[in-house]
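One-letter residues, chain by chain:
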Amino acid sequence: PRTTRLADYRPFGWRVTEVHLTFRLAPGATRVLSRIRFAPLDHAPARMTLDGEGLTLISALIDGAPVSPDLTTDGLTVDVPPAPFLWEAEVEIAPEGNTALEGLYMSGGIYCTQCEAEGFRRITYYPDRPDVMAPFTVRIESDLPVLLSNGNPTGSGPGFAEWHDPWPKPSYLFALVAGNLVATSASFQTAEGRDVELNVWVRPGDEGRTGYALDSLIRSMRWDEDRFGRVYDLDVFNIVAVDDFNAGAMENKGLNIFNSKYVLASPETATDRDFEGIEAVVAHEYFHNWTGNRITCRDWFQLCLKEGLTVYRDQEFTSDMRSRAVKRIEDALLLRAAQFREDAGPLAHPPRPDTYVEINNFYTVTVYEKGAEVVRMLASVLGPETFATGLELYFARHDGHAATIEEFFACFQEVAGDTLDGFARWWTEAGTPRVTVSRHWDGETLTLSVRQETLGGPRWIPLAVGLLGPDGEEIAPTTLLTLKDTEAHWRYVPSTATWETCSAPNGQPKTDGAPLPSINRGFSAPVLLEAGMTDAERRLIFGHDTDPFNRWDAGRQLIRAGFIGLVTEDREPDPETLAAMGRAVRDDALDPAFRALVMGLPSDDDIAQTLAEAGRTPDPDLIETGRERLREAIAALLAGDLRRLYADLAPVGPYRPDADGAGRRALRCAALSCLSVVDGPDAARALYSQADNMTERLAALSVLLRLGAAEDALADFHARWSRTPDVLDKWFALQVGSVKGSRAVETALRLTRHPDFDWRRPNRVRSVLGTMLRHHAGFHSADGAGYKVAADWIVRLDPANPQLAAGLTSPFQTWRRYDGDRQGMMRDALERIASADGLSRDTSEMVGRILG
Ligand code: DPP
Ligand code: ZN
């Protein structure tokens, strides 16, 4: 397969001034008629190449005269005149047989599209690249009742509908939906006075579960006006939910198409986490209207230009809607668990990569979440006003453009009047910087020496730092110290409450009475920090810091150390650590959501990664057993407190999916789960039958599964929800996720034979196989069964849905961490996948990179 390189970027030779598409829909043979006006640019060659995949060309005309293009496997080439011309083509496609879910396909009788990144070329011949932007007019011919495309409706009648999108857009934002759908609607008046009709379209029967998505959309639109001055620009905004979707959702102009998992919700069917996910994804896709659609990407190497910025925006939205502190901790958890791991292994790549084989493989946590961190750091180093001015400049200057990271960054350099040298390496270099902080106290002055170890030259590293006194009182407020070179020193000047740069300290350090720095507050830089803290210092921060992130993080470091001690030395967890945890969990002055996060233990994968970084070989079974013992120790120590919490946090009114209610339920469910270790299944059984909401019901079911006492509840759950696919997915996932070791593999294998298992549905596959792959002790079970089941299914799914199959390979990325036997079995599994006949570009690139 061919590698695409950033360095080879060349603009297309023509402007597209108009696109007119007619769809004659039929499941097995849809006709697509295109009328496209091209205007040559100065460098236009005599032959034009258009992308196209899996199309049957019926006819092609240039300026009304038939032409015979040369057809290739990935498109066509044709002689064209050196002046503006009209290209007309008719092609046939078969949406019904499209199992890859790219281009035009069918989901439960609904026609829908997914064109990002390169799906439009499966619909018709076109320059399918993001830097070719054009206004689209679409006519859909079908007897189905609802026919939708981008932009505004311009006409409809029996058997047809027409749409016009005045905003020039790249082909990846094209969308079409046709089916028997019902809408929940509202109207929204923009700050500019435009009345916008909002619709959330779902299958009949699901209309009772659309309210939260619609409400989230309204709040997103208002917030984007208030916070970023971004106003919506069409008369309608449609959201459609489909059950079969490779990703979460897609920001097509005016017609967002969603995985139904991120639309459908009621208290009975969705957990608090689902509600939060819906709110965030609805917001994310809406925010793309400016960061992605009005300003798009020049080429796919710039993907993080739209994704990193839009994730940053949706994080800010969630922080404003819910708890900023809790959101920051959750984002840091995800970044460390998934992105740091990616950056530490064979799949490492910069937020803006230089090469790819299949762009679908680069919709990664590095592009999205690290991309967002880079924007967040830019905002911190510039300060809110300068950042806002730079962003305004970006919107004004690049509206209607396909932009690059350099163009984005230039806006901020300009308003800052600074080259910001070294900052841009965050986009172009891979790897997580390691930052070491050493302290020097001479009895009067505290000096911090900060060093970075970074690939590709020093980066700007903004560290938010505060100081605590001996009793944990804050003696210096948060200040941003930005490391710009490999090493720097700062000393604290109490008289002015400021930090000043200085030279390396000398003399013997003292220890008595030194203030304690709280470093990287709010996770201000996404780095691996080594600050040489003692456990007592961590406890002081955990108990007293004014920064909730560092409080939580200090607690997490203490618990992780206890966990590691259990696994490697069979050492009982430190009672002082558990006591400190108990104090936080009991502290009613703290947000329950925060206390629930404090009770969360590091994942098995986190422990494996920590061991691997320390040069040790992780043993998945010992890690799993260590977790059990740690849980027992916590339960034994805190049982009294947890029983009180469980009772005190009982619901007072009807379920509401807001942050307060969710926090209380999170803490209550964490208490239940921990208590069950000493108290058995009774409380969980009672909760399962009494709960009026899915959050508690599912938490109870998970406890029952872990205790092997779930038979009745499982049957009940299945009977209730067997016709509700998004809920049944939970039933599948929970069974795999809640059992120990190799039983996760046996369960997954058994569930793949269940009559409700359908390998054509990505959500169902991810519920069963994705959960097994993320089950650390299961996937790595010593007999290699996890690797075998994974490889079997990847090989089987690949021909039907390459994107889904390729996504399932990523848990293999850590294969070099493990012992020789496991490494050998993982290599064999990967090689077996690699040698499968006709393996897709998606999966072969992933396996090739993982094997290295
Ligand atoms: N562009 C989509 C999103 O991230 C993914 N296909 O919103
Ligand atoms: Zn996005």
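The shown structure was predicted, so the numbers you read here are calculated from the model rather than taken from an experiment.

Novice: Explanation requested: the overall build of the protein chain in the structure shown.
Specialist: Of the regular secondary structure elements, the protein chain holds 26 helices and 32 strands. Against the 2.2 N^0.38 benchmark of 29 Å for 852 residues, the protein chain shows a C-alpha radius of gyration of 28 Å, consistent with a compact globule. Within the protein chain, buried positions represent 51% of all 852 residues. Pairs at least 24 residues apart make up 69% of the contacts formed inside the protein chain by residues separated by at least 6 positions.

Novice: Help me understand the sheet that holds strand 9 (residues 85–93), please; the structure alone is not making it clear to me.
Specialist: Sheet strands line up and pair through hydrogen bonds in the backbone, either parallel or antiparallel. With mixed pairing, 8 strands are arranged side by side in an open sheet as 6-5-9-3-2-12-15-14. Each edge of the open sheet is held by one strand with a lone partner, namely strand 6 (65–66) and strand 14 (152–157). Inspection of the sheet shows strand 5 (residues 56–62) paired to strand 6 by 2 bridges, in the antiparallel sense. Residue pairing in the sheet places L61 in a bridge with P66 of strand 6.

Novice: Could you clarify how one ought to interpret the site of ligand 1 in this entry?
Specialist: Surrounding ligand 1, one finds E116, A247, A249, M250, E251, H284, E285 and E307. Elements with a contribution of two residues or more to the shell around ligand 1: strand 20 (249–250) and helix 2 (272–287). The residue inventory of the shell around ligand 1, partitioned by class, reads 3 nonpolar, 1 polar and 4 charged.

Novice: Hey, could you run me through the UniProt feature "domain: Peptidase M1 alanyl aminopeptidase Ig-like fold" (unreviewed entry) in the protein chain in this one?
Specialist: In this numbering, the UniProt entry assigns the feature "domain: Peptidase M1 alanyl aminopeptidase Ig-like fold" (unreviewed entry) to residues 431–530. In residues 431–530, helix accounts for 0% and strand for 53%; the two terminal C-alpha atoms are 16 Å from one another.

Novice: Quick question: what am I supposed to make of the nonpolar core here?
Specialist: Generally speaking, a soluble globular protein has its nonpolar side chains buried in company with each other. Core analysis: the biggest nonpolar cluster contains 241 residues, and L176, V177, V240, I257, V263, L701 and M772 have the highest contact counts within it. If we ignore the near neighbours within four places in the chain, the residues touching V240 are C112, L148, V177, L181, W201, I257 and F258.

Novice: Sorry, what's going on with helix 3 (residues 303–321) here?
Specialist: Counting along an α-helix, one turn takes 3.6 residues, and residues three or four places apart therefore face a common direction. For helix 3, built from 19 residues, the straight-helix expectation of 27 Å at 1.5 Å per residue is met to within 8% by its first-to-last C-alpha distance of 27 Å. Within helix 3, 16 of the 19 residues are buried, which leaves the element mostly enclosed by the surrounding structure.

Novice: Help me out: how do you make sense of the packing of helix 20 (residues 743–751) against helix 23 (residues 785–797) in this one?
Specialist: Two measures define how a pair of helices packs: the angle their axes make with one another and the distance between the axes. Viewed as axis vectors pointing N to C, helix 20 and helix 23 meet at an angle of 30 degrees, and their least axial separation amounts to 9 Å. One finds that helix 20 runs roughly parallel with respect to helix 23. Our pair here, helix 20 against helix 23, has a crossing hand that is left-handed. Contact residues: helix 20 offers V745, A748 and L749, while helix 23 offers A785, G786 and V789.

Novice: I would appreciate a short explanation of the UniProt feature "domain: Peptidase M1 membrane alanine aminopeptidase" (unreviewed entry) in the protein chain in the present structure.
Specialist: Under the feature "domain: Peptidase M1 membrane alanine aminopeptidase" (unreviewed entry), the UniProt entry names residues 212–427. For residues 212–427, helix accounts for 56% and strand for 9%, while the C-alpha atoms at its two ends are 35 Å apart.

Novice: Which parts of the structure should I look at to understand the domain arrangement of the protein chain?
Specialist: A common way to express how large an interface is: the accessible area buried when the components associate. Assigned domains of the protein chain: these are domain 1 (4–259), domain 2 (296–428), domain 3 (433–525), domain 4 (533–679) and domain 5 (722–852). At the interface, 8 residues of domain 1 touch 10 residues of domain 5. Across the side of domain 1 that touches domain 5, the residue classes tally to 3 nonpolar, 3 polar and 2 charged.

Novice: Would you take a moment to explain the sheet that holds strand 27 (residues 461–468) for this structure?
Specialist: With antiparallel pairing, 3 strands are arranged side by side in an open sheet as 28-27-31. What marks the edges here is a single partner per strand, and that holds for strand 28 (474–483) and strand 31 (516–519). Across the sheet, the axes of successive neighbouring strands diverge by a mean angle of 25 degrees, strand direction being ignored. Of the strand pairs in this sheet, strand 27 and strand 28 are connected by 7 bridges, and their pairing is antiparallel. When the sheet's bridge partners are listed, I461 is paired in strand 28 with L483.

Novice: Help me understand the environment of W290, please; the structure alone is not making it clear to me.
Specialist: Position of W290 among the secondary structure elements: in the loop between helix 2 and strand 22 (296–297). Aside from chain neighbours lying at most four places away, what touches W290 is R230, I295 and F395.

Novice: I'm lost on the pairing of strand 29 (residues 487–493) in this one. Help?
Specialist: Looking down a regular strand, the side chains alternate between one sheet face and the other. Examined bridge by bridge, strand 26 (residues 446–453) and strand 29 share 5 bridges and lie antiparallel to one another. Bridge assignment links T447 to a residue of strand 29, and that residue is R491. Where strand 29 and strand 30 (residues 498–502) come together, 5 bridges link them in antiparallel fashion. Paired with W490 across the two strands is T501, which belongs to strand 30. The turn linking strand 29 back onto strand 30 is made up of 4 residues, and A497 within it adopts a positive phi angle of 50 degrees.

Cut-off values and rules
- Residues numbered from 1 in each chain as written.
- Chains lettered and ligands numbered in written order.
- Predicted model: local features only at pLDDT ≥ 70, side-chain atom pairs only at ≥ 80, totals over all residues.
- Helix = DSSP H or I, 4+ residues; strand = E, 2+ residues; numbered from the N terminus.
- Rg over C-alpha atoms; globule rule 2.2 N^0.38 Å.
- Buried ≥ 20, exposed ≤ 12 C-beta atoms within 10 Å, placed from the backbone.
- Contact = placed C-beta atoms within 7 Å.
- Pairing = 2+ DSSP bridges.
- Near = placed C-beta within 6 Å.
- Nonpolar A, V, L, I, M, F, W, Y, C, P; charged D, E, K, R; others polar.
- UniProt positions renumbered as here; feature names shortened; annotations may be inferred.
- Core = buried A, V, L, I, M, F, W, Y, C linked by C-beta atoms within 7 Å.
- Expected span 1.5 Å × (residues − 1).
- Axes fitted to C-alpha atoms, helices over the stretch in contact; angles between N-to-C directions.
- Parallel < 35°, antiparallel > 145°, perpendicular 65-115°, else oblique.
- Left-handed = near helix turned anticlockwise from the far one by under 90°.
- Domains from an automatic or database assignment.

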